[in-house]
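Structure at a glance
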Amino acid sequence: MVLIGKNVSIRYAGYLKAGKDLILEDNVELNCLSIKGINLGDRVTIGKHAIIRPSNIYGGDIGEGLKVGNNSNIGPFAYIGCSGFIEIGDNVMISPRVSIFAENHDFDNPNIIMKEQGVTKQFVKIEDDCWIAANSIILAGVTIGKGSVIAAGSVVTKDVPAYSVVAGVPAEIIKSRI
């Protein structure tokens, strides 16, 4: 079963692989043009107005792509910038307005405008059974360990050990779930 809401945009659908029971809610934008494709497991839901972009829709380098495990969801108004590869495990809850970025703009040379200096792509991994609460931001190069919770509004700039609860800007460990 596949449920697709109103005004869903799927670009380059040949790069999309999806398991059973996919739900794409209203106004989802899914750009699939990527080296490794967009791979969605069974029972994946992508919420209203979410955007998944591995590549700039107006040209530029092709991104790496995205893998989402079984029983995972991406909440409404989320932005997943998967120009570097992003892997999301099984049973992951991504709340509304979460942003995940797998690249950073280069800006070291002040004699060249930043827009022309390119980007550095990095891997992002969210392991199984994590909860990424609303308005959180996950930056490039980060791994979030199994069973972790990212508190609402946090900015994750470094790896999070398994079963940790992190909060703040930048996010810091506030407790362990073990």
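**Focus: the overall build of the protein chain**
A tally of regular secondary structure across the protein chain gives 0 helices and 24 strands. Here the protein chain has a C-alpha radius of gyration of 16 Å; the compact-globule value for 178 residues is 16 Å, and the two agree. Along the longest, intermediate and shortest principal axes, the C-alpha atoms of the protein chain span 50 × 40 × 25 Å. Burial status across the protein chain gives 39% buried among its 178 residues. Expressed as a percentage of contacts within the protein chain between residues at least 6 apart in sequence, the contacts between residues at least 24 apart total 29%. Accessible area of the protein chain: about 9,100 Å², with a carbon and sulfur share of 54%. Averaged over its 17 positive side-chain charges, the protein chain has a centre that lies 5 Å from the centre of its 18 negative ones.

**Re the packing of aromatic side chains**
Considering all chains together, one arrives at 2 aromatic pairs under this definition. Taking 6.2 Å as the distance between ring centres and 20° as the angle between the ring planes, the aromatic pair formed by Phe85 and Phe123 counts as stacked. In this pair, Phe85 is assigned in the loop between β11 (79-81) and β12 (86-88) and Phe123 in the loop between β16 (119-121) and β17 (124-126), connecting sequence segments 38 residues apart. For Phe85, a relative accessible area of 12% puts it in the buried group. Taking relative accessible area as the criterion, Phe123 reaches 37% and is therefore assigned partly exposed. The side chain of Lys36 reaches across the aromatic face of Phe85, ending 4.7 Å from its centre. The residue whose ring lies beneath Arg97 is Phe77, and the NZ or CZ to ring-centre distance is 4.3 Å.

Scoring rules and cut-offs
Residues numbered from 1 in each chain as written. Predicted model: local features only at pLDDT ≥ 70, side-chain atom pairs only at ≥ 80, totals over all residues. Heavy atoms only, no water. Helix = DSSP H or I, 4+ residues; strand = E, 2+ residues; numbered from the N terminus. Rg over C-alpha atoms; globule rule 2.2 N^0.38 Å. Buried < 20%, exposed > 50% of the residue type's maximum accessible area, 1.4 Å probe, protein only. Contact = heavy atoms within 4.5 Å. Areas by Shrake-Rupley, 256 points an atom, 1.4 Å probe, with all protein chains shown as cover. Lys, Arg positive; Asp, Glu negative; His and termini not counted. Charge placed at Lys NZ, Arg CZ, Asp CG, Glu CD. Phe/Tyr/Trp six-rings, centres within 6.5 Å; stacked < 30°, edge-to-face > 60°. Lys NZ or Arg CZ within 6 Å of the ring centre and 35° of its normal.

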